[in-house]
Amino acid sequence: MDLKSIENIVSLCKRRGFIFQSSEIYGGLGSTWDYGPYGVEMKQKIKDFWWHDVVTSRENVVGMDAAILMHPKTWEASGHVSNFHDPLVDCKNCKARYRADHVDLNKPCERCGKKDWTEPRQFNLMFKTAIGPVEDSGEITYLRPETAQGIFVNFMNVQGTSRQKLPFGIAQLGKAFRNEITTGNFLFRTREFEQMELEFFIHPGENEKWLDYWCEERLNWFKKLGINPEKLRLRPHDKDELAHYSTACFDVEYEFPFGWSELEGIADRGTFDLDQHNEYSGKKQQYFDPQTNERIIPAVVESSAGVDRAFLTCLVDAYCEEEVRDEKRIVLKLDPKIAPVTCAVFPLVKKDGLPEIAQKIVEDIRTKYSAYFDQGGSIGRRYRRQDEAGTPYGVTVDHQTTEDGTVTLRDRDTMDQVRISTDNILSELQSRIQ
Ligand code: GAP
């Protein structure tokens, strides 16, 4: 069995409180997942790391947060009403439903073995919803299928107020919804997910330069997230794969147990979106170039990543099963900056003042990092629990602590332990976490 099989990871996620099936007590809802206490911590750290890398650390990128519900004309202008389709086929015998481009229609249905397909038909992936109290008379709009349009329709507002000059970016992080025909592989393809998107506005003609720039930046971001670089690659799209709005696109891909798959798309969207909103809204979407004294419609290079896919990638990449002293050890070798708990603190025994010292250490660590106090069970079991949760460091308070003020600091990956002064715990953690 592949050690990194997704089933092992799903089961660890449930066991340790990373991810639960949505509405589990009612039998669950297909392909929707809830983040538990450890999951939400780790997801937040991934989002914070993206926000810092793409927005806060750059002078020429600003952030925003648009509403999920938008004027329905947005989606006509963006091309999603007419183009955001997947081809769908049904097996007439067992009613299984597939994306027509994911099955060989010359072969029988893999579920029932019969070959009796419907004609492929186009299926729009947007979730429709009605605004207003009476469903029939309400105005129809959609749950946004990408966060990008919230940025495009606010281009004039943001540029005008932030006084950014080309080239500059507007970034946004938030939920998107797609009524996917086929879902699966745990968090990889779901109907509700989060995106981290950057629309980088540039002078038309500089598209290639900025596409190259963002491809490199974004690939590096995944490496800095601690993901094995050998399992990451950039793949250019073939012409027939391109979305309706883009003329060139690269995917950052990861080699999952189920094959190389997309984590993020970096696309040359040209002036498509601002042109369309210009036309559909009747409001000029322009930029006054102080160098040429001309009004132009900027071109756009987009970086669009999925939070949940980045999260799944971190888990898959970090998951290890090892043999330690004839016992199986499951360990998540997560990068310390995204681990839900940075340091666990264990009093060796529940008496002699050790728990009180440990609690005080937890409080100190919490001024900078996340910490967890655990006094239940043997020390070996406590280490194993934290190994599975991906906690990179463990501090153990023992009787020597009461004599000389030292503790042991254990490294999750090497399992090496060093004795350090209680006063140095924070600085030691700091020096180990980049
Ligand atoms: N604005 C461009 C855009 O939305 P996309 O390639 O359709 O481009 C970008 O989506 C990213 O969003 C993907 O690379 C993936 O990480 C994430 N994503 C898209 N559909 C998803 C789904 N059904 N479930 C989870 N993540 C998804």
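This structure is a prediction, so every number in the text was calculated from the model and none was measured.

What counts as what
Residues numbered from 1 in each chain as written. Predicted model: local features only at pLDDT ≥ 70, side-chain atom pairs only at ≥ 80, totals over all residues. Heavy atoms only, no water. Helix = DSSP H or I, 4+ residues; strand = E, 2+ residues; numbered from the N terminus. Buried < 20%, exposed > 50% of the residue type's maximum accessible area, 1.4 Å probe, protein only. Contact = heavy atoms within 4.5 Å. Areas by Shrake-Rupley, 256 points an atom, 1.4 Å probe, with all protein chains shown as cover. Lys, Arg positive; Asp, Glu negative; His and termini not counted. Charge placed at Lys NZ, Arg CZ, Asp CG, Glu CD. Near = heavy atom within 4 Å. Polar contact = N/O pair within 3.5 Å; in protein donor to acceptor, adjacent residues only side chain to side chain. Nonpolar A, V, L, I, M, F, W, Y, C, P; charged D, E, K, R; others polar. Expected span 1.5 Å × (residues − 1). Pairing = 2+ DSSP bridges. Axes fitted to C-alpha atoms, helices over the stretch in contact; angles between N-to-C directions. Salt bridge = Lys/Arg side-chain N within 4 Å of Asp/Glu carboxyl O. Core = buried A, V, L, I, M, F, W, Y, C linked by side-chain atoms within 4.5 Å. Phe/Tyr/Trp six-rings, centres within 6.5 Å; stacked < 30°, edge-to-face > 60°. Parallel < 35°, antiparallel > 145°, perpendicular 65-115°, else oblique. Left-handed = near helix turned anticlockwise from the far one by under 90°.

A look at the overall build of the protein chain
No. 1: Each helix and strand in the protein chain was counted, giving 13 helices and 23 strands.
No. 2: Based on the C-alpha atoms only, the size of the protein chain along its principal axes is roughly 75 × 65 × 50 Å.
No. 3: For the protein chain, the residues scored as buried account for 51% of the 434 residues in total.
No. 4: Contacts in the protein chain between residues far apart in sequence, at least 24 positions, make up 64% of those at least 6 positions apart.
No. 5: Only carbon and sulfur atoms are counted for the fraction: they give 48% of the accessible area of the protein chain, which is about 20900 Å².
No. 6: Of the side chains in the protein chain, 57 bear a positive and 70 a negative charge, and the two mean positions are spaced by 3 Å.

Looking at the site of the ligand
No. 1: Surveying the vicinity of the ligand reveals 21 residues, the closest of which are Glu146, Glu180, Thr190, Glu197 and Glu262.
No. 2: A distance of 2.8 Å is found between a nitrogen atom of the ligand and a side-chain nitrogen or oxygen belonging to Glu180.
No. 3: Contact distances for the ligand include 2.6 Å between an oxygen atom and a side-chain N or O atom of Glu262.
No. 4: Taken by itself the ligand offers 560 Å² of open surface, and the protein chains cover 91% of this.
No. 5: Only β10 (192-202), β13 (259-270) and β16 (299-306) provide two or more residues apiece to the shell around the ligand.
No. 6: The biggest single contributor to the shell around the ligand is β13, with five residues.
No. 7: Among the residues making up the shell around the ligand, the classes are represented as six nonpolar, five polar and ten charged.

Some thoughts on helix α9 (residues 307-318)
No. 1: Between its first and last C-alpha atoms α9 spans 17 Å; for twelve residues at 1.5 Å apiece the expected length is 16 Å, and the two agree.
No. 2: The element α9 is largely enclosed, with a buried count of twelve among its twelve residues.
No. 3: The complete set of buried residues in α9 reads Val307, Asp308, Arg309, Ala310, Phe311, Leu312, Thr313, Cys314, Leu315, Val316, Asp317 and Ala318.

Describing the sheet that holds strand β5 (residues 97-99)
No. 1: Sheet architecture is open: three strands sit in the order β5-β4-β6, paired in antiparallel fashion. Each edge of the open sheet carries a strand with a single partner, namely β5 and β6 (121-124). Going across the sheet, the axis of each strand differs from the next one's by a mean of 45 degrees, ignoring polarity.

Comments concerning the pattern of salt bridges
Between side chains of opposite charge, a pair can form when the charged atoms approach closely.
No. 1: Taken as a whole and judged by the stated rule, the model has 34 salt bridges.
No. 2: Asp116 serves as the salt-bridge partner of Lys92, at 4.0 Å between the closest nitrogen and oxygen. Taken together, the positions of Lys92 in the loop between β4 (85-90) and β5 and Asp116 in the loop between β5 and β6 put the pair 24 residues apart, joining distant regions of the chain.
No. 3: Here Asp116 falls in the partly exposed class, since its relative accessible area comes to 35%.
No. 4: Of the charged contacts, one joins Asp335 and Lys337 as a salt bridge, the two residues approaching to 3.2 Å between their closest N and O atoms.
No. 5: Since its relative accessible area comes to 18%, Asp335 is described here as buried.
No. 6: Overlapping salt bridges bring together Glu322, Arg329, Lys333, Arg384, Asp387 and Arg410 as one network.

Some remarks on the nonpolar core
No. 1: In this structure, Phe18, Met42, Ile46, Phe222, Leu225 and Phe311 are the most contacted members of the largest nonpolar core, which totals 58 residues.
No. 2: The element contributing the most residues to this core is α9, with eight residues.
No. 3: Apart from residues lying up to four places away in sequence, Phe222 is in contact with Ile227, Leu232, Val252, Leu263, Glu264 and Ala310.
No. 4: Counting residues in hydrophobic clusters, the runner-up holds 19 residues, among them Ile365, Ala371, Val407 and Leu429.

A few points about the packing of aromatic side chains
No. 1: Counted by the stated rule, this structure contains 20 aromatic pairs.
No. 2: Their ring planes at 65 degrees and their centres at 5.8 Å tell us that Phe18 and Tyr38 sit as a pair that is edge-to-face. Taken together, the positions of Phe18 in the loop between α1 (6-15) and β1 (19-21) and Tyr38 in helix α2 (residues 37-56) put the pair 20 residues apart, joining distant regions of the chain.
No. 3: Residue classification places Phe18 among the buried positions, given a relative accessible area of 0%.
No. 4: On the basis of relative accessible area, Tyr38 is assigned to the buried category, the value being 16%.
No. 5: Summarising the aromatic geometry, the rings of Phe188 and Phe256 are spaced 5.5 Å apart at their centres and angled 75 degrees between planes, so their arrangement reads as edge-to-face.

Describing the packing of α2 against α9
No. 1: Two elements in contact, α2 and α9, have axes separated by 10 Å at closest approach and are oriented at 110 degrees. Here α2 is positioned roughly perpendicular relative to α9, judged by the angle of their axes. Between α2 and α9 lies a crossing of right-handed hand. Contact with α2, carried on its side by Gly39, Met42, Lys43, Ile46 and Lys47, involves Val307, Asp308, Ala310, Phe311, Cys314 and Leu315 of α9 and no other residues of that element.
No. 2: Looking at the contact of α2 with α9, its residues break down into seven nonpolar, one polar and three charged.

A few points about the side chain of Gln149
No. 1: Turning to its location among the elements, Gln149 is positioned in helix α5 (residues 148-152).
No. 2: For Gln149, a relative accessible area of 0% gives the class buried.
No. 3: A distance of 2.8 Å separates the side chain of Gln149 from the side chain of Glu146, its partner in a polar contact.

Some thoughts on the sheet that holds strand β19 (residues 343-347)
No. 1: Ordered by their spatial adjacency, five strands build an open sheet running β20-β19-β21-β22-β23, and the pairing between neighbours is mixed. Sheet topology places β20 (371-373) and β23 (417-421) at the edges, where each strand pairs with a single neighbour. Between one strand axis and the next, the sheet turns through 25 degrees on average, direction left out of account.
No. 2: Here β19 pairs with strand β21 (residues 393-397) via five bridges, running parallel. For Phe346, the partnering residue across the bridge sits in β21 and is Thr396.
No. 3: In this fold helix α11 (residues 379-389) packs onto β19, β20, β21, β22 (406-411) and β23, with an angle of close to 170 degrees to the strand it touches most, β19.
No. 4: Sitting on the sheet, helix α13 (residues 425-432) is in contact with β19, β21, β22 and β23, with an inclination near 20 degrees to β22.

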